[in-house]
Amino acid sequence: MDKGTGYRRPDADETKKERKEDMYKTYAMELAGRTLSVDIGRVGKQANGCAFMHYGETTVLCTATESAAPREGVDFFPLSVEYSEKAYSIGKFPGGFNKREGRPSENAILTSRVIDRPMRPLFPKDMRNDVTLECLVMSVDPECKPELVAMIGAALATSISDIPFAGPCATTQVGLVDGKPVINPGQKDWDTGDLRLTVASTADKVIMIEAGANEVPEQDMLAYIYQADAVNKQIIAFINKIVAEVGKPKQDYISVAVPEEEFEAIRKVVTPEEMEQLVFTDDKQTREHNMADVTAKLREAFADNEAYLANLGDAVYQYEKKTIRKMILKDHKRPDGRELTQIRPLAAEADIIPRVHGSAMFTRGQTQICDVVTLAPLSEAQKVEGLDPNITEKRYIHQYNFPAYSVGETKVSRGPGRREIGHGALAERALIPVLPSIEEFPYSIRAVSETFESNGSTSMGSTCASCMALMAAGVPIKKQVAGISCGLVTGDTDDDFVLLTDIQGLEDFFGDMDFKVTGTHDGITAIQMDIKIHGLTRPIVEGAIQRCKDAREYIMQSVMTPAIAEPRKEVGKYAPKIIFTQIDPEKIGDVVGKQGKVINEIIKRTGAQIDIEDDGKVSICGSDKNALAEAKKMVDIIVTDYEEGQILEGTVVSIKEFGAFVEFAPGKEGMVHISRLTNHRVEHVEDVLSIGQHVTVKCIGKDRMGRMSFSMKDVQQHQ
């Protein structure tokens, strides 16, 4: 023991033991031409599972943690996924006043959702312990997307943890560059290519698909999906090797499953035949009312059984679910009486909201979406601050709102949540491939989908409504886009399944899949697939894609085209008008003027909005065509190098003894000498001119001070 310190220096054997315990293991594999590696036991040792991921020079810390006890009062598995983007990962300060990262970006929220969707079905449905997956982006290599690393790392961290999990799963991305598929493309190829496909798989089946595509044909999309699935199997083999060496034994959990004897007791009070009659209706409110009556009846029957009452809500839900699944799978009988391939009643109309720039409403059964489009100058494009250096602004924005009244509930709106952001992004992704270029249509575009009524697949209704609203606003989209969702109910074997075209809310809640596909007549523009089971076989994926193709063709031909067949030839009377002119970049300063004096004067006189880019492209925006023409004329005058003999019009702004100054454009003046006012002698300038008088002059060159010199009498002679 050191004297006076109370500290005993460890001996050599203890130090050696500590160093051994501090050692960590690194595993690596080659993935798409780059090395993917993970450090296990290096950091985050107090988490249930931690994977310190490296792909190229991209580094993401992925952790999985679980609460010690179940959360009380919840009837769902409480999984939280957080994907955190740090500005230091790209060597930048965060924006904003306090220089600290704020709320998650839209990209971070969407990435969290993509991690959540394939992993959630692999956790036990009857577990109520909180589980949190956190992915911290610490370094970004533009050739190795951090989102992909986080998806793999989250699954790996959970697989090696002691948290119950039926994984592993893996994720691969596919891009399309110059017509050729690229596995896990770099950020630039991902942003600019014709395909952005993300596929997650277990060892046996595809479990999640998300895509944005430039009209990729269905058969090509299937090939790319299973190309990614093949890569996923390699990653899963890599994860399994790690789990075998360092994985923790999975711990037990307290199950909240409803006991079978309670179901037996319930069936004696409400028979299966009675339950079928109660759920067999196409009206959501009627069905909910029937289920409320069932719950009240059972609550009265089990008044003396506290154990049954504690599980009653979940028991009724499970009973309803089993009834509906049996009706669909065995009897091919849907709750609203439709055939398996039948779409709910459809309706569409354009121009339902006055004075806005464009509007349309799309109704499918009890799902109703109104979309409103607003046009603005390019300067109004949304600025984007994130980790992707290629995306700094968004010219097209689609936003989705889901108020409580749309499902007959009362709740104060707290702003868009992750679901709203995800649905808006899906509809946005669906329409991007058919938007006109900036050169074809120099506007920023905002589409807002308001959910008036909801009973399933509002994101696909938003796609149809926003497509029509864009056409109504005069946006020259290249083709129509529609979307539809396909559902699934599975039996005990892979071959025992039923696909459902256009699922309503009940079939989504109690079914196994929500497979959303949008596209044109020629190909797919977006996919989002959510499932609740441990993966899909290839026949299911192929069947769902084909069902969606058939349905969207019908929607476009039979419903959308009769409402509005093509984009309006020009924007509406309330929409801003935009014209362009190109100037020499070296003349930008002349147009702007000192401290913006010249350009502000043009704006003041005409009411037009003027934006100038560094390359000299000038956009002039306003609602009055005459004012736009006048503003353009002023800009053209300012940047023109006038030569002797040219005729100009202007206003007298100053009178001196020797002549008058005429302003022919904001900030641009020339002098008419007293000797050049008229053909006869003038004693005083005021005898001929007054301040504010409009005159026509002829340029006669520059005086010795470099000022423009004008003549009025030469105009008279010229005429």
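These figures come from a predicted structure and were not determined experimentally.

What counts, and at which threshold
Residues numbered from 1 in each chain as written. Predicted model: local features only at pLDDT ≥ 70, side-chain atom pairs only at ≥ 80, totals over all residues. Heavy atoms only, no water. Helix = DSSP H or I, 4+ residues; strand = E, 2+ residues; numbered from the N terminus. Rg over C-alpha atoms; globule rule 2.2 N^0.38 Å. Buried < 20%, exposed > 50% of the residue type's maximum accessible area, 1.4 Å probe, protein only. Contact = heavy atoms within 4.5 Å. Areas by Shrake-Rupley, 256 points an atom, 1.4 Å probe, with all protein chains shown as cover. Lys, Arg positive; Asp, Glu negative; His and termini not counted. Charge placed at Lys NZ, Arg CZ, Asp CG, Glu CD. Pairing = 2+ DSSP bridges. Axes fitted to C-alpha atoms, helices over the stretch in contact; angles between N-to-C directions. Salt bridge = Lys/Arg side-chain N within 4 Å of Asp/Glu carboxyl O. Parallel < 35°, antiparallel > 145°, perpendicular 65-115°, else oblique. Left-handed = near helix turned anticlockwise from the far one by under 90°. Nonpolar A, V, L, I, M, F, W, Y, C, P; charged D, E, K, R; others polar. Expected span 1.5 Å × (residues − 1). pLDDT = per-residue confidence, 0-100. Core = buried A, V, L, I, M, F, W, Y, C linked by side-chain atoms within 4.5 Å. Phe/Tyr/Trp six-rings, centres within 6.5 Å; stacked < 30°, edge-to-face > 60°.

Student: How do you make sense of the overall build of the protein chain when you look at a structure like this?
Tutor: A count of helical and extended segments in the protein chain gives 18 helices and 29 strands. Taken against the 2.2 N^0.38 rule, which gives 27 Å for 719 residues, the C-alpha radius of gyration of the protein chain at 34 Å runs more than 25% over that of a compact globule. On the principal axes, the C-alpha backbone points of the protein chain span a range of 115 × 85 × 50 Å. When each of the 719 residues of the protein chain is scored for burial, the buried share is 52%. Across the protein chain, the fraction of contacts at a sequence separation of at least 24, relative to all contacts at a separation of at least 6, is 70%. Split by element, the accessible area of the protein chain, about 33,900 Å² in all, is 49% carbon and sulfur. Computed over 87 positive and 109 negative side-chain charges, the separation of the two mean positions in the protein chain equals 3 Å.

Student: Teacher, can you tell me more about the sheet that holds strand 26 (residues 659-665) here?
Tutor: Strand pairs in the sheet, formed through backbone hydrogen bonds, run parallel or antiparallel to each other. Strand order in the closed barrel made by the five strands is 25-26-27-29-28, with mixed pairing throughout. Direction aside, neighbouring strands of the sheet carry axes that sit 55° apart on average. In this structure, strand 27 (residues 668-673) lies alongside strand 29 (residues 708-711), joined through three bridges in parallel fashion. For Met671, the partnering residue across the bridge sits in strand 29 and is Ser709. Together, strand 25 (647-655), strand 26 and strand 27 form the strand contacts of helix 17 (residues 625-639), whose direction differs from that of strand 26 by roughly 120°.

Student: What exactly am I supposed to notice about unusual backbone geometry here?
Tutor: For residues that are not glycine, phi is negative in most cases, and the peptide bond is trans in most cases. The omega torsion of the bond from Gly167 to Pro168 falls at 5°, within 30 degrees of zero and hence cis. Turning to its location among the elements, Pro168 is positioned in the loop between helix 3 (146-160) and strand 7 (170-177). Backbone geometry at Lys99 places phi at a positive 60°, although glycine is not the residue there. Inspection of the secondary structure puts Lys99 in the loop between strand 5 (79-85) and helix 2 (106-119). You will see that Arg355, though not glycine, has its phi angle at about 75°, which is positive. Structurally, the position occupied by Arg355 is in the loop between strand 11 (346-350) and strand 12 (358-364). Given the relative accessible area of 57%, Arg355 is considered exposed.

Student: Just to check I follow, could you spell out the pattern of salt bridges for this structure?
Tutor: By the definition in use, this model includes 41 salt bridges. Its salt-bridge partner being Glu566, residue Lys569 comes within 3.6 Å of it at the nearest N-O pair. The network of salt bridges with shared partners includes Arg334, Asp336, Arg338, Arg344, Arg364, Asp502 and Glu507.

Student: Looking at this model, I keep getting lost on the sheet that holds strand 23 (residues 609-612). Mind explaining?
Tutor: The antiparallel open sheet is built from three strands, whose spatial order is 22-24-23. Of all strands in the sheet, those with a lone pairing partner are strand 22 (577-582) and strand 23, marking the two edges. Shown here is a sheet whose adjacent strand axes are inclined to one another by a mean of 20°, direction ignored. Bridge count between strand 22 and strand 24 (residues 617-622): six bridges; the pairing is antiparallel. By the bridge assignment for strand 24, Phe580 is matched with Ser619.

Student: Help me understand the packing of helix 8 (residues 284-301) against helix 10 (residues 312-331) in this model?
Tutor: Two measures define how a pair of helices packs: the angle their axes make with one another and the distance between the axes. Their axes nearest at 11 Å, the elements helix 8 and helix 10 cross at an angle of 130°. Looking at the two axes, helix 8 sits oblique to helix 10. Between helix 8 and helix 10 lies a crossing whose hand is right-handed. On helix 10, the residues touching Arg287, Met291, Val294, Thr295, Leu298 and Arg299 of helix 8 are Leu312, Val316 and Glu320. Residue composition of the contact of helix 8 with helix 10, grouped by class: five nonpolar, one polar and three charged.

Student: I would appreciate a short explanation of helix 10 in the present structure.
Tutor: Turn by turn, an α-helix covers 3.6 residues, leaving residues three or four places apart pointing in a common direction. Compared with an ideal rise of 1.5 Å per residue, which puts 20 residues at 28 Å, helix 10 spans 27 Å between its outermost C-alpha atoms and is within 8% of the ideal. Within helix 10, burial applies to Leu312, Ala315, Val316, Tyr319, Glu320, Lys321, Thr323, Ile324, Arg325, Met327, Ile328 and Leu329. Two residues or fewer past helix 10, His332 is found with a positive phi of approximately 55°.

Student: For this particular structure, what's the right way to read the confidence of the model for the protein chain?
Tutor: As a note on interpretation, predicted positions should not be read in detail where pLDDT is low. Within the protein chain, residue pLDDT values average 92, and 96% of them lie at 70 or more. Between residues 1-5, whose pLDDT stays under 50, and residues either more than four places distant or in other chains, the model counts five contacts.

Student: In this structure, what is going on with the nonpolar core? I would like to understand it.
Tutor: Nonpolar side chains tend toward joint burial in soluble globular proteins. Core analysis: the biggest nonpolar cluster contains 130 residues, and Leu197, Met221, Met513 and Phe515 have the highest contact counts within it. Broken down by element, this core gets its largest block of residues, 12 residues, from helix 5 (residues 218-246).

Student: Honestly, the pairing of strand 23 in this entry has me stumped. Any pointers?
Tutor: Side-chain direction in a regular strand flips from residue to residue, so the side chains alternate between the two faces of the sheet. Examined bridge by bridge, strand 23 and strand 24 share four bridges and lie antiparallel to one another. Counted as the bridge partner of Gln609 is Cys621 from strand 24. Here strand 23 folds back onto strand 24, and the loop between the two strands holds four residues, one of which, Gly616, carries a positive phi near 90°.

Student: Before we go on, may I ask you to explain the packing of aromatic side chains in this structure?
Tutor: Here the distance between the centres and the angle between the planes together describe a pair of aromatic rings. Scanning all chains against the criterion turns up eight aromatic pairs. Geometrically, the ring pair formed by Phe123 and Phe165 is tilted, given 5.0 Å between the ring centres and 50° between the ring planes. On the criterion of sequence distance, the pair formed by Phe123 in the loop between helix 2 and strand 6 (129-139) and Phe165 in the loop between helix 3 and strand 7 is long-range, its members being 42 residues apart. Across the pair, exposure class does not vary: Phe123 and Phe165 are buried alike.

Student: When you look at helix 11 (residues 418-431) in this model, what are you seeing that I'm missing?
Tutor: Its 14 residues place the ends of helix 11 20 Å apart at the C-alpha level, agreeing with the 20 Å of an ideal helix rising 1.5 Å per residue. Burial runs high along helix 11: 12 of the 14 residues are buried. The set of residues buried in helix 11 consists of Glu420, Ile421, Gly422, His423, Gly424, Ala425, Leu426, Ala427, Glu428, Arg429, Ala430 and Leu431.

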